[in-house]
Structure formats: C-alpha cells, structure tokens
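Structural characterization, general
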Amino acid sequence: MVKRITRPLTMLALAASLGLGALAAQAQPAPGDTPPPPHAMHRGHDFGGFAMQGRLLKEAGVTDAQRAQLKQIFEAAHNDLKGQRETGRQLHERMEALFTAPTVDANAVEQLRQQIAAQHEVASKRLTLAMIDASRVLTPEQRAKLAELKKQQREKMKQRMKDRGQHRKDRQGANPDNPVPQPFTER
C-alpha cells in the first residue's frame, strides 16, 4: 500500500524538480517584496528533487543560510502533507475493495476516483507553493545552475538505464537457458 501512496508523491516531486528550470526565469521577488510568511514555508530535502541533494546545492553555490531556509520550507510542506498519506492509503484501500466486490459499482468507483484526484490536487498545490517559496530563497543564477545540474543528472541516468538494458541483452544472449524476462506485449 505504501508504494501506491508514495509513487504519486514521488512523481509529483520529480515534476516539481523539472519545473525548476521554468522557475529559473521568473520567480525571483522584486526588490522590496517581502518574503512569504513563515507558515507558508515547506520542506527542502524530501520534495522538490533539487533540495534533497546537498552536492547539487553546493555546486550551485547555495549558502548554509539558504540551505537552512530551504530545509524549513520543505519540512513545513512535508508536515502539512502528513495527513494526506493516511487519507490516500484509505482511499486506495476503498478503491481496491470496490474492484474486488462481486459487482463493481461504476458510480462509486468514479466518485472515489474524483476524491483521489482532489487529494492529489491538494498535494500538488502545496508542493508548488513550496517550490515557489524555495525559488525566492535562491538567486536566478543558482536556480539556473541547479536546473543545468539536474539536466546533467537526468542525462547520466538515461545513459545508465540504456547501459543496463544493453547489459541485459548481452546477458540473455550469453545464457539462453536463463533469459531475461521480456516486457509484456499484446498479440
């Protein structure tokens, strides 16, 4: 059950970190703007992708003071979303029960799907606010550097996945008695 809850949050965090590049061009407050209030601060090292990797922050020139602010921002978001995890687990269990019932009630399934979508929307908004708050802590140059570092990291990951796929193909050819399972394809 935990995977069902964390996967959407993980994907949301990934999407938020990919959105960092877009933020690099805009979300810096104008001179004289006041920072967001403390209750709007969120958690930095669990969500947002960029903030949880100290090496990337260091390479982007993020100061210790900025790191402390980022941590505060994302910890608040994390705390705000704690209740969401249990609610999400319960909603997914209810959905499973609906689909394992002798007769599937399409209306109940749709109603529950809408509840799940609404819950994901709340989490998405909260994480987006955290990213906006985090973008205000960083300079435009730091955000641009982080976006570039994340891009390089994605390219390295893509290459590793490609290499891993080639390794599986090589291994399959070397030992036909122990083939690597092939992905399911419809006929």
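Residues numbered from 1 in each chain as written. Predicted model: local features only at pLDDT ≥ 70, side-chain atom pairs only at ≥ 80, totals over all residues. Heavy atoms only, no water.

Structural notes on the overall build of the protein chain
Put simply, the rule is: Strands are runs of DSSP state E lasting at least two residues, helices are runs of H or I lasting at least four, and both sets are numbered from the N terminus onward. Contacts are assigned to residue pairs that have any heavy atoms within 4.5 Å of one another. Surface exposure here means Shrake-Rupley accessible area, sampled with a 1.4 Å probe, where a residue is shielded only by the protein chains that are shown.
Counting its regular elements, the protein chain contains six helices and zero strands. Long-range contacts, defined here as pairs at least 24 residues apart, represent 82% of the contacts in the protein chain between residues at least 6 apart. About 12400 Å² of surface is accessible on the protein chain, with carbon and sulfur atoms providing 55% of the total.

As for helix α5 (residues 106-137)
Worth spelling out the cut-off: Working rule for helices: expected span equals 1.5 Å times residues minus one. Polar contact is the term for a pair of N or O atoms within 3.5 Å; when the atoms are in protein, one must be able to donate a hydrogen and the other to accept it, and sequence-neighboring residues count only if both atoms are side-chain atoms.
Compared with the 46 Å implied by 1.5 Å per residue over 32 residues, the 47 Å span of α5 between its first and last C-alpha is a close match. N-capping of α5 is provided by Asp 105, with a side-chain oxygen placed 3.1 Å from the backbone N of Asn 107.

Considerations on the nonpolar core
Applied cut-off: For the purposes of this section, nonpolar cores are sets of buried Ala, Val, Leu, Ile, Met, Phe, Trp, Tyr and Cys residues that join through side-chain atoms within 4.5 Å. Only protein chains enter the calculation, and the probe is 1.4 Å; a residue is then buried if its accessible area is under 20% of its type maximum, exposed if over 50%, and partly exposed in between.
Core analysis: the largest hydrophobic core is formed by 15 residues, its most contacted members being Val 62, Leu 70, Ile 73, Phe 74 and Leu 146. Going through the elements one at a time, α3 (54-59), α4 (64-100), α5 and α6 (140-174) are the ones with two or more residues in this core. The next biggest cluster of nonpolar side chains, apart from the first, holds five residues, and it includes Leu 91, Met 95, Val 109 and Ile 116.

Let's talk about the pattern of salt bridges
Let me state the cut-off plainly: We define a salt bridge as a side-chain nitrogen of Lys or Arg found within 4 Å of a carboxyl oxygen belonging to Asp or Glu.
All told, the structure shown has eight salt bridges when counted by the stated rule. Here Glu 93 makes a salt bridge to Arg 89, at a shortest N to O gap of 2.4 Å. Of this pair, Glu 93 and Arg 89 both sit in helix α4, four residues apart, which is roughly one turn of the helix. Judged by relative accessible area, Glu 93 falls into the partly exposed class, the value being 33%. Look at the salt bridges and you will find they share partners, linking Glu 86, Arg 89 and Glu 93 into a network.

Thoughts on the confidence of the model for the protein chain
This is how the line gets drawn: Known as pLDDT, the predictor's per-residue confidence is scaled from 0 to 100.
The predicted model of the protein chain has a mean per-residue pLDDT of 75, with 64% of residues at 70 or higher. Predicted confidence in the protein chain is weakest over helix α2 (residues 20-24), with a mean pLDDT of 36, and strongest over α5, with 95. Predicted confidence for residues 1-52 stays below pLDDT 50, and this span has 112 contacts to residues more than four positions away or in other chains.

Thoughts on a positive patch on the surface
Convention followed: Nonpolar side chains (Val, Leu, Ile, Met, Phe, Trp, Tyr) within 5 Å and like charges within 9 Å form the patches, drawn only from residues with over 30% relative accessible area and no salt bridge. None of His or the chain ends enter the tally, which takes Lys and Arg as positive and Asp and Glu as negative. Here the site of a charge means NZ on Lys, CZ on Arg, CG on Asp, or CD on Glu.
A cluster of basic residues, Lys 156, Arg 160, Arg 164, Arg 168 and Arg 171, forms a positive patch on the protein surface. Tracing the sequence through the fold places Lys 156 in helix α6.

Quick notes on the environment of Leu 146
Relative to the assigned elements, Leu 146 resides in helix α6. Considering only alpha carbons, one finds Leu 146 and Val 62, 84 residues apart in sequence, at a separation of 9.6 Å.

Brief notes about the packing of α4 against α5
The criterion, for reference: Convention adopted: a line fitted to C-alpha atoms gives each axis, helices being fitted over their contacting stretch, and angles between N-to-C directions are expressed from 0 to 180 degrees. Every angle not falling under 35 degrees, over 145, or within 65 to 115 is termed oblique; those three ranges are roughly parallel, roughly antiparallel and roughly perpendicular.
Orientation of α4 relative to α5, taken along the N-to-C sense of each, is 175 degrees, at an axis distance of 10 Å. On the basis of their axis angle, the class for α4 and α5 is roughly antiparallel.

A closer look at α4
Put simply, the rule is: The reported bend at a residue is simply the angle between two axes, fitted to the 7 residues ending at it and to the 7 residues beginning with it.
Under the 1.5 Å per step criterion, the end-to-end length of α4 is 52 Å for 37 residues, consistent within 8% with the ideal 54 Å. Its maximal kink placed at Leu 81, α4 deviates by approximately 35 degrees. Burial in α4 covers these residues: Gln 66, Leu 70, Ile 73, Phe 74, Ala 77, His 78, Leu 81, Gln 84, Gly 88, Leu 91, His 92 and Met 95.

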